Amino acid sequence: MKLLPIDLPSLFALALFSLCIAFFSAAAADHKEPCNYSDTVNITDGLRLKDGSYSFEGLLIPLNLTAAYSYKVVDGIQYRAPKHMRGCVCHLKSCITFCCPPKLHYNESLQNCSANEEHSYSRQMHIEVKFHTGIEDKVNINDKFIVRYEFGCKNKYVDLKNDRFWEWDLFEVKAINKSRTSAAILINTGMILIFIAVKDIRNSNYGEGLIFHLFSLTIALALLVYLYLKNPLYLTETACRNIGFLAYFFLMLSFLILNIISGSFWATFSQTTVHSWLLKLFYGLTIALAFILKYLVKTIQDSQIARHFKPGIVRLWGILLYVYLPIFLTTALSLFCIAKTYCNIHDLPNGVQTNPIMKKLDEARSPKR
C-alpha cells in the first residue's frame, strides 16, 4: 500500500476534531465529584477508616469514591446545604429511593414527610424486580439495595385510593461502561486517521464507507458518554432529548453504512461497475433513512401511545423495536451481501488472485483524486 502524502490541513482538522471529542467527554465529568449526584448517598454517619475510606451499610467505600458536597438535590432541584460527605454507593450496590423515611408519611397538604398517627406504619421488606433477562422475581430490599430517602417525594408516593397503584415495574438497568466506551472512541479515532492516511484504503469504495462508518459510530459513542458523564442538573430536558436523538441518528447511520460497505464488496467480486454518482446516491439515501428513523422515534416519543411502546432503554419493547430491530435488519442485509460475495469468490477460476481483481476493479470504479 502507498502512503498518501500528508495533507496537513485535513489531518490537522481531523486531529483537532478528535481532541475536541476527548475534551468534551472528559470535561463533562466534574473532577471535584467522583460521580453523578444521583449515584451518591450521604455517608456522614458512616465510619471513617484510617485510609480515608468509609464503612457504610456493610459496604467499604474507597476514598476515591467519596467527596464533600455543599448542596443537595430534591425533586430534581439543586439547593444549598451544609457541607457533608457523600459516597458513590450506587456504583458498589444498587440503590432504591423511597419517598419518606421509616415511621413517616407523605403529607400531601404540607408537601413533606411527617408523622401521622391516623395511619399505622408497616414497612415493606420485599419488592418485585424485572431483570434485564426478562425474568421477574421477588427480592429482599435490604439484601439487594441501598435504601435512600433524601431525593424528594415528587411522583414517588403511592395514592392508596387508586386500586391500580401496585401495577408498576422496577427494571434492572445495565449502565453504560464509560471507560470502555471512551477507549473505543479513542481507538476508532486512531483507525480513522490511519485509514485516511493510506491511499489504497481512502480511495476504495469500501474503505471510504469504513471511514464514514467509524466516524458515525464514534460520534454516537461520544454523545452517549457525554450524556452519561454530564451532570443532569446542568442539562435542560430539551438538550437531553436532542443529544439522545442525535446519538440515535449517528448510531443508526453507522449500521446503515455497513450495507454500502458489504454491497461494495459484492459488486467488486461480481464484476459489476458502480459509478461514483450511484454511490453518492446510496449515501444520500442512507442519511435520509437515518433521519427518517430519528424523526419516527421522536414522533412516537411525543405521541400518546402506551408507554411500553415508547423509546427507552428501560422499556423492553422500546429498545427492541427502535434499536435492536433496525440493527438486526441492517446486519442481516450486510450478511446477505457478504454471503453473495463469498459465493462469487468461490466461483472464480482456479489460480485467479482475488487481491489483483479487487484492486483492478476498484481502481476502475474509483474517481481520480
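What you are looking at is a predicted structure, and each value in this text was computed from that prediction instead of being measured.

Engineer: Quick question: what am I supposed to make of the overall build of the chain here?
Structural biologist: When helices and strands are tallied, the chain shows nine helices and 12 strands. For the chain, the proportion of its 369 residues judged to be buried stands at 34%. In the chain, 66% of the contacts between residues at least 6 apart in sequence involve partners at least 24 apart. With the model as given, the accessible surface of the chain reaches about 23,500 Å², and the carbon-plus-sulfur share is 62%.

Engineer: Can you help me understand the pattern of salt bridges in this one?
Structural biologist: A pair can form between side chains of opposite charge whenever their charged atoms are brought close. Taken as a whole and assessed by the stated rule, the structure comprises two salt bridges. We note a salt bridge from Arg-241 to Asp-302, for which the minimum N-O separation is 3.0 Å. Of this pair, Arg-241 sits in helix α6 (residues 237-269) while Asp-302 sits in helix α7 (residues 276-302), placing them 61 residues apart in sequence. For Asp-302, a relative accessible area of 41% puts it in the partly exposed group. For Asp-302, the salt bridge goes to Lys-298, with nearest N and O atoms at 3.5 Å. Of this pair, Asp-302 and Lys-298 both sit in helix α7, four residues apart, which is roughly one turn of the helix.

Engineer: Sorry if this is basic, but what is going on with helix α5 (residues 205-229) here?
Structural biologist: Residues lying three or four places apart along an α-helix face the same way, a consequence of the helix completing one turn every 3.6 residues. Taking 1.5 Å of rise per residue, the 25 residues of α5 would be expected to cover 36 Å, and the 36 Å separating its terminal C-alpha atoms lies within 8% of that figure. Within α5, 18 of the 25 residues are buried, which leaves it mostly tucked inside the rest of the structure.

Conventions used here
Residues numbered from 1 in each chain as written. Predicted model: local features only at pLDDT ≥ 70, side-chain atom pairs only at ≥ 80, totals over all residues. Heavy atoms only, no water. Helix = DSSP H or I, 4+ residues; strand = E, 2+ residues; numbered from the N terminus. Buried < 20%, exposed > 50% of the residue type's maximum accessible area, 1.4 Å probe, protein only. Contact = heavy atoms within 4.5 Å. Areas by Shrake-Rupley, 256 points an atom, 1.4 Å probe, with all protein chains shown as cover. Salt bridge = Lys/Arg side-chain N within 4 Å of Asp/Glu carboxyl O. Expected span 1.5 Å × (residues − 1).

From the geometry alone we can't say anything about function, so treat these as descriptive.
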